[in-house]
Amino acid sequence: MGKFDQLIQSSKPVLVDFYAEWCGPCKMQGAILESKVAPVKPELKILKVDIDGNISLAQKFGIMSIPALRIFKNGNLVKSFDGVTKPEEIIAAVENA
């Protein structure tokens, strides 16, 4: 089992932010996660995965466009978002995971 697989095996939701440094919308999504989601859900583990440095991981999860958010619980994918996502949607998904 790889390090990524170990990180998503949590009984609490884990949010994975697939992004790229050159992606403007990804920077917007990152700011939303930092300023709107993390303060409301401080217990939420947020992993950032740069698709340029982790091509095989992006392919494994079918990332076709970025930003892409994936929420895992106990190693299972429970919710996916593609494109810039509102903080309310992310928070609701984490609470329902």
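Structural notes, computed from the coordinates. Quantities reported herein were computed from a predicted structural model and do not represent experimental measurements.

## What to know about the side chain of Lys 41
Following the sequence through the fold, Lys 41 ends up in the loop between helix H2 (24-37) and strand E2 (45-50). Within the structure, the side chain of Lys 41 is placed 3.3 Å from the side chain of Glu 95, a separation counted as a polar contact. Discounting chain neighbours no more than four positions away, the residues touching Lys 41 are Ile 91, Val 94 and Glu 95.

## Considerations on the nonpolar core
Formed by 19 residues in total, the largest nonpolar core has its most connected members in Phe 4, Val 16, Phe 18 and Ile 63. Counting residues per element, the ones that place at least two in this core are strand E1 (14-19), E2, helix H3 (55-60) and strand E3 (68-73). Among the elements that line this core, the one with the most residues is E1, at four residues. Not counting the four nearest positions on each side in its chain, Phe 4 is found in contact with Val 16, Leu 47, Val 49, Leu 57, Phe 61 and Phe 72. Judged by nonpolar contacts, the second largest core, of 12 residues, contains Leu 44, Phe 81, Ala 93 and Val 94.

## With respect to the pattern of salt bridges
Tallied over the entire structure, the rule returns five salt bridges. A salt bridge links Asp 5 to Lys 60; its shortest N-O distance comes to 3.3 Å. Remark: Lys 60 occurs in helix H3 and Asp 5 occurs in helix H1 (residues 3-7); sequence separation between them is 55 residues. A relative accessible area of 24% places Asp 5 in the partly exposed class. In this structure, Asp 82 engages Arg 70 in a salt bridge whose closest nitrogen and oxygen atoms are separated by 3.1 Å. Of the two residues, Asp 82 sits in strand E4 (residues 76-82) while Arg 70 sits in strand E3, which places them 12 residues apart along the sequence. Residue classification places Asp 82 among the exposed residues on the basis of a relative accessible area of 51%. A single salt-bridge network, built from bridges that share partners, covers Lys 41, Glu 43 and Glu 95.

Basis of the calculations
- Residues numbered from 1 in each chain as written.
- Predicted model: local features only at pLDDT ≥ 70, side-chain atom pairs only at ≥ 80, totals over all residues.
- Heavy atoms only, no water.
- Helix = DSSP H or I, 4+ residues; strand = E, 2+ residues; numbered from the N terminus.
- Polar contact = N/O pair within 3.5 Å; in protein donor to acceptor, adjacent residues only side chain to side chain.
- Contact = heavy atoms within 4.5 Å.
- Core = buried A, V, L, I, M, F, W, Y, C linked by side-chain atoms within 4.5 Å.
- Buried < 20%, exposed > 50% of the residue type's maximum accessible area, 1.4 Å probe, protein only.
- Salt bridge = Lys/Arg side-chain N within 4 Å of Asp/Glu carboxyl O.

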